[in-house]
Amino acid sequence: MTNEFERIWARIEGLERAVAALVDIQQRQLTSAASPLTNELRSQLAEIKTALAELPARSDSPPEIKVGQIKVVEPDGTLRMTISNQDRAPNGVINGKEFGGREGGNAAGIIFYNNNGDECGGLCYESKRMPDGSVQAFASLTFDRYQQDQVMCLQMIDEHGQVATGLSLWDRPTLPLDQWLPRALPVFDMPKGSEREAKLEELREEGLLSAQRMYFAKHQGTSMIGLCDALSRPRIRLFTEADGRAGLEFLDETGKVTNRWPTQDL
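Rules used throughout
Residues numbered from 1 in each chain as written. Predicted model: local features only at pLDDT ≥ 70, side-chain atom pairs only at ≥ 80, totals over all residues. Heavy atoms only, no water. Helix = DSSP H or I, 4+ residues; strand = E, 2+ residues; numbered from the N terminus. Buried < 20%, exposed > 50% of the residue type's maximum accessible area, 1.4 Å probe, protein only. Areas by Shrake-Rupley, 256 points an atom, 1.4 Å probe, with all protein chains shown as cover. Pairing = 2+ DSSP bridges. Axes fitted to C-alpha atoms, helices over the stretch in contact; angles between N-to-C directions. Lys, Arg positive; Asp, Glu negative; His and termini not counted. Salt bridge = Lys/Arg side-chain N within 4 Å of Asp/Glu carboxyl O. Polar contact = N/O pair within 3.5 Å; in protein donor to acceptor, adjacent residues only side chain to side chain. Core = buried A, V, L, I, M, F, W, Y, C linked by side-chain atoms within 4.5 Å. Contact = heavy atoms within 4.5 Å.

## Some points on the overall build of the protein
Looking only at helices and strands, one finds four helices and 14 strands in the protein. Residue burial in the protein is summarised as follows: out of 266 residues, 26% are buried. Accessible surface, the protein: about 17,700 Å² in total, of which carbon and sulfur atoms supply 55%.

## Examining the sheet that holds strand E11 (residues 222-228)
Pairing is antiparallel in the open sheet, where 12 strands are placed in the order E1-E2-E5-E6-E7-E8-E9-E10-E11-E12-E13-E14. Of all strands in the sheet, those with a lone pairing partner are strand E1 (69-73) and strand E14 (257-261), marking the two edges. Direction aside, the axes of adjacent strands within the sheet are offset by 10 degrees on average.

## Looking at the side chain of aspartate 252
Topologically, aspartate 252 is positioned in the loop between strand E13 (246-251) and E14. There is no salt bridge for the buried aspartate 252, and the closest opposite charge comes from lysine 256, which lies 5.9 Å off by N-O distance. At a separation of 2.6 Å, a polar atom in the side chain of aspartate 252 contacts the side chain of threonine 254.

## Considering the nonpolar core
Grouped together as the largest cluster of nonpolar side chains are 12 residues: Ile94, Phe99, Leu177, Trp180, Leu181, Ala184, Val187, Met190, Leu200, Leu203, Leu208 and Leu209. Contributions of two or more residues to this core are made by helix H3 (177-188) and helix H4 (194-205). Per element, the largest residue contribution to this core is five residues, and it comes from H3. Excluding anything up to four places from it in sequence, leucine 200 contacts Val187, Phe188 and Leu209. Grouped together as the second largest cluster of nonpolar side chains are five residues, Val93, Ala107, Ile111 and Tyr113 included.

## A few points about the pairing of E11
Bridging between strand E10 (residues 211-219) and E11 involves six bridges; their strand directions are antiparallel. Looking at the pairing, tyrosine 215 lines up with glycine 226 of E11. Hairpin connection, E10 to E11: the antiparallel pair is bridged by two residues, and glutamine 220 has positive phi, about 55 degrees. The sheet contact formed by E11 and strand E12 (residues 234-240) spans six bridges and is antiparallel. The partner of isoleucine 225 across the bridge, within E12, is leucine 238. Connecting the antiparallel pair E11 and E12 is a turn made up of five residues, with serine 232 showing a positive phi of about 70 degrees.

Structure follows, in structure tokens:
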């Protein structure tokens, strides 16, 4: 882009030199003339020369572009990346179908697309001070499974005076997102109870449940590594506290600690 601006400005400068030279030639030719017509021409040429002199000087500063959204496409038009502000942030797209309602809402950033034009990850961020004076900020870098949701996310959240940072890993089904959502969302929206649990088990048996399997996190003074089972339930935790205490815990499917090292009362 910078090279293109350089070429355009060089052409403008060349035009300026050519017109200025023409003005000087015409003025020299008209110096001896005294008719009303030549006086009018002389006045017009003087105006041209004044306008040229008032052209802004070439700046050594890099050019600036102000836009709401930039799209990067392949020669055949396939979308590969968007850079946008919050207002122009695109919806998700899989198999040509758009999905709104991103978790946390739309945010400024960069969205990546695979060779087919399906969303495959992105970098999003937001940071602002709320009316009560508190800070609300987040940033995330995500990578998606093919035609599915994120399987890796590097994230920071700063909210209500508490900061959490971490890296999370997920299992995702192979069913494309545009087909998975109609199957899974009605189950997730069901009220808690035996019927919902039965439907979730059906999805799990079909390999249609997503699950967080691992996280590396820091929240306030605690650092932690967690390993989860296929239902996103934490089963192993390795942690250090702000006061220096450290430990290793094993949990059952209900979240109860069954073993801890160093040994303490459970």
